[in-house]
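# Summary of the model geometry
Here is how the chains run, residue by residue.
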Amino acid sequence: MRKAPAAAELLGIAASQTVGPFFQIGFEDLYQTDLTVPGLAGTVITISGKILDADQLPVPDALVEIWQANSFGKYAHPDDYQDKPLDPEFTGFGRCPTNAEGAFQFRTVKPGAVASSSGAPQAPHINVSIFMRGLLDRLVTRIYFSDDERNSADEVLNLVDPARRSTLLARPDALYPGTYRWDAILQGAQETVFFDF
Amino acid sequence: MPNPQSPVASDQSRLVAASLRRVPLCGYRKPAPGIHPPHLHPDYLASLKRAPAQPLVPIPQTLSEITGPCFQPHHLRIGADLTGQGKGAPLGQKMLLTGRVLDEDGKPVRHTLVEIWQANAAGRYRHLVDQHAAPIDPNFVGKGQLLTDDEGRYQFKTIKPGAYPWRNHPNAWRPPHIHFSLFGPAFSTRLVTQMYFPGDPLLPFDPIFNGIRDEAARQRLIAQFDWQTTVPEEALGFRFDIVLRGRLETPMENRP
């Protein structure tokens, strides 16, 4: 294997800047809040939530993007080496702006378990990017499912302070079967865990 | 050519298959400190209530982070000519914006989605929230999409956006800029940024641009004027290359 190039030989990467308040212009054509497609395997779910700021006020100008595996735990991506079926036409990508109440919602399938870097299965999760005016770089987190027993063995969840793990759990909505609630709290008590990788 | 039926060839193909299986486990290099702006940047007032107070939690890159959305030509809804979205030509300085999307090793990032949006020549966005007292241009929407080509190249035709005021601090003006959104090959390489113009007098005063600590990283967000792509009698050429995180050469196992 070729030796890793020294840092000086690498090109400098482009820095992040805020998405600003007007991203709707550039992004609305690829808003995707319903990821389901005809013939999709798995359990259809709705993820519904809010983005809240340090004062627990709704953020009405955020953009939430999700990236997830299908119900077999397979990503629609050439680097997913797992021998699992793909769903034709299911991209695994969702994009939703928050509304005046800071709320967003996706209709999708519950993802299956994907292999971790050690090869053990990860608990089902959805990868989340959050962009907004005021954030010069995106925030990245994961949504897990509170009613999934595989959470306790998840390598990523187990890296998180146990007191903060619940911020990553979407909970079944008692009133609406198939709906999970998950809020992202940007700052303060109950602040959501955000990742760096 | 070795005989594909020979035991040697099949050993080789097993080796190739094994090395291919290792490749997906290679994560992407972490950005050097100072390149991406911090979430909390007090000069940018809107960050105060929106930036997390707790440190980010480092995690290893798994399949979730080294895969990412893939877009095909049929997913695109709009084109790359922002001067042709109205009934007539938009007002302003026409420009041809070209560049390449590369990774840190200089390899082209092929067929990746690039989205842009921008204000019109008067510094007004076509958006309900923008109440700046500058005119809407009925011939300018200000958005574009494309997939990079086999060499990672892209080209948008547009007009130079104007500066516009905002309320971050007294007499605050954003330097003219074009918003860029890129996906790259993975969830790890997702990037939203802004492109600025050379010689702009507003840049030293802009808290968003100066949220980037690293001087060289700030300079990299400034496009270059380019005679080679300047179209005689029609449009100024600007070049803007965008470098995304490159791949590590060793697997990421147990390396949060």
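Our structure is the block above this text.
This section reports on the structure supplied with the text.

Quick notes on the rules
Residues numbered from 1 in each chain as written. Chains lettered and ligands numbered in written order. Predicted model: local features only at pLDDT ≥ 70, side-chain atom pairs only at ≥ 80, totals over all residues. Heavy atoms only, no water. Helix = DSSP H or I, 4+ residues; strand = E, 2+ residues; numbered from the N terminus. Buried < 20%, exposed > 50% of the residue type's maximum accessible area, 1.4 Å probe, protein only. Contact = heavy atoms within 4.5 Å. Areas by Shrake-Rupley, 256 points an atom, 1.4 Å probe, with all protein chains shown as cover. Buried area = accessible area lost by both parts, 1.4 Å probe. Salt bridge = Lys/Arg side-chain N within 4 Å of Asp/Glu carboxyl O. Polar contact = N/O pair within 3.5 Å; in protein donor to acceptor, adjacent residues only side chain to side chain. Nonpolar A, V, L, I, M, F, W, Y, C, P; charged D, E, K, R; others polar. Pairing = 2+ DSSP bridges. Core = buried A, V, L, I, M, F, W, Y, C linked by side-chain atoms within 4.5 Å.

### Here's the deal with the overall build of chain B
The number of helices and strands found in chain B is 3 helices and 14 strands. Scored against the burial criterion, the 256 residues of chain B give a buried share of 53%. Taking contacts inside chain B between residues at least 6 apart in sequence as the whole, the part at least 24 apart equals 71%. Looking at chain B as shown, the accessible area adds up to about 12,000 Å², and 58% of this sits on carbon and sulfur atoms.

### A word on the interface of chain A and chain B
When the parts of a complex come together, some accessible area is lost, and that lost area is often used as the size of the interface. On the chain B side, the residues contacting the 75 residues of chain A number 88 residues. If you sort the residues of chain A by the area they bury against chain B, Ile13(A), Gln17(A) and Phe197(A) come out on top, with a joint share of 12%. Residues Asp55(A) and Lys49(B) are paired through a salt bridge, measuring 3.2 Å at the closest nitrogen-oxygen approach. Between the two partners, chain A and chain B, sit 42 residue pairs in polar contact (both at pLDDT 80 or more). Contributing elements (two or more residues each) for the side of chain A that touches chain B: helix H1 (24-27), strand E2 (62-67), strand E3 (93-97), strand E5 (125-132), strand E6 (139-145) and strand E10 (195-196) of chain A. The greatest single-element share of the side of chain A that touches chain B, amounting to 6 residues, is contributed by E5(A). Among the residues making up the side of chain A that touches chain B, the classes are represented as 41 nonpolar, 16 polar and 18 charged. Across 2 bridges, the pairing between E10(A) and strand E2 (residues 57-58) of chain B is parallel. The residue of E2(B) that forms the bridge with Phe195(A) is Val57(B).

### Some remarks on the nonpolar core
Core analysis: the biggest nonpolar cluster contains 42 residues, and Leu97(B), Tyr154(B), Phe156(B), Phe180(B), Met195(B), Phe240(B) and Ile242(B) have the highest contact counts within it. Of all the secondary-structure elements, those providing two or more residues to this core are strand E3 (94-103), strand E4 (113-118), strand E6 (153-159), strand E9 (177-182), strand E10 (191-196) and strand E13 (242-244) of chain B. Sorting elements by how many residues they give to this core places E3(B) first, with 4 residues. Not counting residues up to four positions away in its chain, the partners in contact with Phe180(B) are Leu97(B), Val114(B), Glu115(B), Ile116(B), Tyr154(B), Phe156(B), Leu191(B), Val192(B), Thr193(B), Met195(B), Phe240(B) and Ile242(B). Leu35(A), Val109(A), Met132(A) and Ile143(A) belong to the second largest nonpolar core, which has 28 residues in total.

### Let's talk about the side chain of His41(B)
Its location among the elements puts His41(B) in the loop between strand E1 (26-28) and E2. Residues in contact with His41(B), not counting those within four places in the same chain, are Leu136(A), Ser47(B), Pro207(B), Asn210(B), Gly211(B) and Arg213(B).

### Here we look at the pattern of salt bridges
Here the structure, examined in full by the defined rule, presents 24 salt bridges over all chains. Measuring nitrogen to oxygen at the nearest pair gives 2.7 Å for the salt bridge that ties Arg190(B) to Glu65(A). You can see Arg190(B) sitting in the loop between E9 and E10 and its partner Glu65(A) sitting in strand E2, one on each of two chains. Here Arg190(B) matches Glu65(A) in class, with each residue buried. The closest approach of N and O atoms between Arg218(B) and Glu215(B), which form a salt bridge, is 2.6 Å. In this pair, Arg218(B) and Glu215(B) are both assigned in helix H3 (residues 215-220), 3 residues apart and thus about one turn of the helix distant. Glu215(B) sits in the partly exposed class, given a relative accessible area of 43%.

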